[in-house]
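Below, each chain spelled out in residue letters.
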Amino acid sequence: MADSLPTEFDVVIIGTGLPESILAAACSRIGQRVLHIDSRSYYGGNWASFSFSGLLTWLKEHQQNNDIGEESTVAWQDLIHETEEAICLRKKDETIQHPEAFCYASQDMEDNVEEVGALQKNPSSGVSGTFTEVLDSAGLPEDSQSSYFNSDEMSAKHTQKSDREISLEVTDVEESVEKEKYCGDKTCMHTVSDKDGNKDESKSTVEDNANQPIRNRITYLQIVKEGRRFNIDLVSKLLYSQGLLIDLLIKSDVSRYVEFKNVTRILAFREGKVEQVPCSRADVFNSKELTMVEKRMLMKFLTFCLEYEQHPDEYQAFRQCSFSEYLKTKKLTPNLQHFVLHSIAMTSESSCTTIDGLNAIKNFLQCLGRFGNTPFLFPLYGQGEIPQCFCRMCAVFGGIYCLRHKVQCFVVDKESGQCKAIIDHFGQRINAKYFIVEDSYLSEETCSNVQYKQISRAVLITDQSILKTDSDQQTSILIVPPAEPGACAVRVTELCSSTMTCMKDTYLVHLTCSSSKTAREDLESVVKKLFTPYTETEINKEELTKPRLLWALYFNMRDSSGISRSSYNGLPSNVYVCSGPDCGLGNEHAVKQAETLFQEIFPTEEFCPPPPNPEDIIFDGDDKQPESPGTNNVIVAKLESSEESKNEESPEKHLQN
């Protein structure tokens, strides 16, 4: 069906990242005919989340630098008329650089490695322990034929995950703690193993160290077999409870498609130790890390930050100073200055101005208490759920979706300079009024004057929390200050299994900072401060005080935020560019960008208006006309029916207006 799409649309959107998905939902909601396509086989682009085997497939593709779509089956140049010209799009995804993966968990040898719940293998393929066939066993798509979804199929696709997970509570799932042999990976991952090759040392470890806390032995085999328990984000972000994205989710009622969990702790790294930061008034006065004098000083300063704009005399003289210099003038102790700068304002010492720091603290304090004891929420099943939720809304209102669908070029009218159509890899010419494209699809020629920044990312799987407490279900954020002046702080987000992003008895840890070198060079020193590599030789040493590192992935991601439109060469005025993820903690940039572009295209329309009242739905055959523009009675009816399977009660927190 993807090779016989309709030829006329109002809006064509290329890329399924967060800003593009918000725009698709907003355009579809006001009655525009939307075609939303992506050359990748998954939703979200660099905002996506993967199972463990899906991440290994993604890693392998980027290490081999494969094309993100299949080659053209036709000579599309023959479809360009004499009065037209073509703007070619990029054939390869070049937003990910320097990917490196390391396995520290035990890697014994065993055949028949398959994920729990994985699809059955192709009967024609033999069973072996190679990396490629581990990926095959996960049932990942191999064909390159385009996927085509209408509103019914899109709704069904989105509910697959909820069908797979019976409950959002962390249940006592029966897990096999494998101590046997396992099939190691031979192609893409560096491995760290016991030099002596002893395979049974782990069995005697618990006996020899009976006085130590019991720590389950997690093998790489378990991680692979439980791979579908993982939902690993390419970009690490949290949602401010009073932020733009939360407000948009509530206003548009897209919040019905996603559930959230509170971030339970904010941590600080000081003098080589991880400490919990008091957030609320009760936390401040219950804290054992602060003296009584410090508690009073901190409460007084935070109260001032909430209404700092009403006291300009307190900060006007320091507007040009860094926030760290300003804090020194407030007579705060070094301990308090560290907490305020790195764990509340969450800024760096060198780049943050006084006004930016005060704004950050005010925003932090205003978000406290809305949905929990910290300002942050995390979406269950990962950040990749958010773009899919907006895609679902677009599909509900009639948008058409095609994955694995490559676009060859824009077709531009020479006389008017306007883009008229796109040509896909099937040779279809699809006309539209407006075109929205994600930056990574633009060619080198179009982007020759663009100066990109880079984000350094690390994804770790560990066996326990960086700050142990009575509860093993803590979701935490930690800012590690730079070791050298002028360097960037590293943001660490630790997710437990109740966020539905990792298997039981493990934690998923994300590290993020602005790049100065490769991701491994930027982040490995922080990883060594917080974690100990899980090798057989380490287990027999003295009691481990740090969490053990089981698996690690490093990569650099392009940061295309903040690029002005004038930096791109030769773009028609009706082609609009969305950026990829930025380095910030929240999603404010993506929401602002989507709203700004929407208002440029449709200045008289409301951005993502609330859904229609069910009582106002008009069915075919009735005399009255729908009151909400662009609202189709059949589509709205589909929304209600598709929600029946989604509306099961869950103990986790729904966003409600």
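Residues numbered from 1 in each chain as written. Predicted model: local features only at pLDDT ≥ 70, side-chain atom pairs only at ≥ 80, totals over all residues. Heavy atoms only, no water.

- Where an unreviewed UniProt entry is consulted, the chain appears under the name Rab proteins geranylgeranyltransferase component A, with the organism given as Mandrillus leucophaeus.
- The annotation that UniProt attaches to the chain under Subcellular location (unreviewed entry) is "Cytoplasm, Cytosol".
- Its UniProt record gives the chain a comment under Function (unreviewed entry), which states: "Substrate-binding subunit (component A) of the Rab geranylgeranyltransferase (GGTase) complex. Binds unprenylated Rab proteins and presents the substrate peptide to the catalytic component B. The component A is thought to be regenerated by transferring its prenylated Rab back to the donor membrane." (UniProt positions renumbered as here; feature names shortened; annotations may be inferred.)

1. Remarks on the packing of aromatic side chains
At step 1: With the rule as written, the count across this model stands at 18 aromatic pairs.
At step 2: A ring pair is formed by F50 and W58, whose centres lie 6.3 Å apart and whose planes are at 35°; its orientation type is tilted. Neither F50 nor W58 differs from the other in exposure class; each is buried.
At step 3: Taken together, a centroid distance of 5.4 Å and an interplanar angle of 55° make the contact between F598 and F607 tilted.
At step 4: You can call F598 buried: its relative accessible area is 0%.
At step 5: Since its relative accessible area comes to 4%, F607 is described here as buried.
At step 6: Taking the ring centre of F304 as reference, the NZ or CZ of K330 above it sits at 4.8 Å.
At step 7: Above the ring of Y452, the side-chain terminus of R558 is found at 4.1 Å from the ring centroid. (Phe/Tyr/Trp six-rings, centres within 6.5 Å; stacked < 30°, edge-to-face > 60°. Buried < 20%, exposed > 50% of the residue type's maximum accessible area, 1.4 Å probe, protein only. Lys NZ or Arg CZ within 6 Å of the ring centre and 35° of its normal.)

2. Brief notes about the sheet that holds strand β16 (residues 419–424)
At step 1: Strand order in the open sheet formed by four strands is β4-β15-β16-β17, with antiparallel pairing between adjacent strands. Each edge of the open sheet carries a strand with a single partner, namely β4 (84–88) and β17 (429–431). Along the sheet, successive strands turn relative to each other by an average axial angle of 30°, direction set aside. (Pairing = 2+ DSSP bridges. Helix = DSSP H or I, 4+ residues; strand = E, 2+ residues; numbered from the N terminus. Axes fitted to C-alpha atoms, helices over the stretch in contact; angles between N-to-C directions.)

3. Digging into the pattern of salt bridges
At step 1: Applying the stated criterion across every chain, the model contains 22 salt bridges.
At step 2: Residue R520 is joined to E100 by a salt bridge in which the shortest nitrogen-to-oxygen separation is 3.5 Å. In this pair, R520 sits in helix α15 (residues 519–530) while E100 sits in strand β5 (residues 96–103), placing the two residues 420 residues apart along the sequence.
At step 3: By relative accessible area, which is 28% here, R520 ends up partly exposed.
At step 4: Here R548 makes a salt bridge to D463, at a shortest N to O gap of 3.0 Å. Here D463 lies in the loop between β19 (453–462) and β20 (476–480) and R548 lies in strand β24 (residues 548–559), a separation of 85 residues in the sequence. Assigned by exposure class, R548 and D463 land together as buried.
At step 5: Overlapping salt bridges bring together D10, R33 and K433 as one network. (Salt bridge = Lys/Arg side-chain N within 4 Å of Asp/Glu carboxyl O.)

4. Re unusual backbone geometry
At step 1: Positive phi outside glycine occurs at D253, with the angle close to 65°.
At step 2: Here D253 is to be found in the loop between α8 (244–252) and β10 (260–262).

5. Notes on the sheet that holds strand β13 (residues 376–379)
Two strands in a sheet stick together by hydrogen bonds in their backbones, pointing the same way (parallel) or opposite ways (antiparallel).
At step 1: Taken together, the three strands give an open sheet; going across it, the order is β9-β13-β10, and neighbouring strands pair in antiparallel fashion. Each end of this open sheet is capped by a strand with a single partner; those strands are β9 (239–240) and β10.
At step 2: As defined by bridge partners, β10 adjoins β13 across three bridges and the pair is classed as antiparallel. Pairing of K261 across the sheet is with F378, part of β13.

6. Remarks on the nonpolar core
At step 1: With 98 residues, the main nonpolar core has F301 and F323 as its most contacted residues.
At step 2: When residues of this core are assigned to domains, at least three map to each of domain 1 (8–93 + 381–449 + 561–601) and domain 2 (277–379).
At step 3: When sequence neighbours within four positions are dropped, the list of residues in contact with F301 reads F323, Y326, L327, K330, L332, V340 and I361.
At step 4: One finds F260, I386, A395 and F397 within the second-largest nonpolar core, a separate group that totals 49 residues. (Core = buried A, V, L, I, M, F, W, Y, C linked by side-chain atoms within 4.5 Å. Domains from an automatic or database assignment. Contact = heavy atoms within 4.5 Å.)

7. Brief notes about the side chain of S497
At step 1: With respect to the helices and strands, the residue S497 is situated in the loop between β21 (490–495) and β22 (507–514).
At step 2: In terms of polar contacts, S497 uses its side chain to reach the side chain of Q473, at 3.2 Å. (Polar contact = N/O pair within 3.5 Å; in protein donor to acceptor, adjacent residues only side chain to side chain.)

8. Side note on helix α17 (residues 588–601)
At step 1: When the terminal C-alpha atoms of α17 are compared, their 20 Å separation across 14 residues agrees well with the 20 Å that a helix rising 1.5 Å per residue should span.
At step 2: Turning to α17, the residues buried within the fold contact α1 (18–29), α8, β18 (434–438) and β25 (575–578). (Expected span 1.5 Å × (residues − 1).)

9. Digging into the environment of Y315
At step 1: With respect to the helices and strands, the residue Y315 is situated in the loop between α10 (292–306) and α11 (323–329).
At step 2: If we ignore the near neighbours within four places in the chain, the residues touching Y315 are F304, Y308, E309, Y326, T354, I355 and L358.

10. Here we look at the packing of α8 against helix α14 (residues 385–396)
At step 1: At a minimum axis distance of 12 Å, the contact between α8 and α14 shows a crossing angle of 25°. Relative to α14, α8 is oriented roughly parallel. At the point where α8 passes α14, the crossing takes the left-handed sense. Note on element contacts: α14 touches α8 through I386, F390 and M393, opposite L245, L248, L249 and S252.
At step 2: Per-class residue counts for the contact of α8 with α14 are six nonpolar, one polar and no charged. (Parallel < 35°, antiparallel > 145°, perpendicular 65-115°, else oblique. Left-handed = near helix turned anticlockwise from the far one by under 90°. Nonpolar A, V, L, I, M, F, W, Y, C, P; charged D, E, K, R; others polar.)

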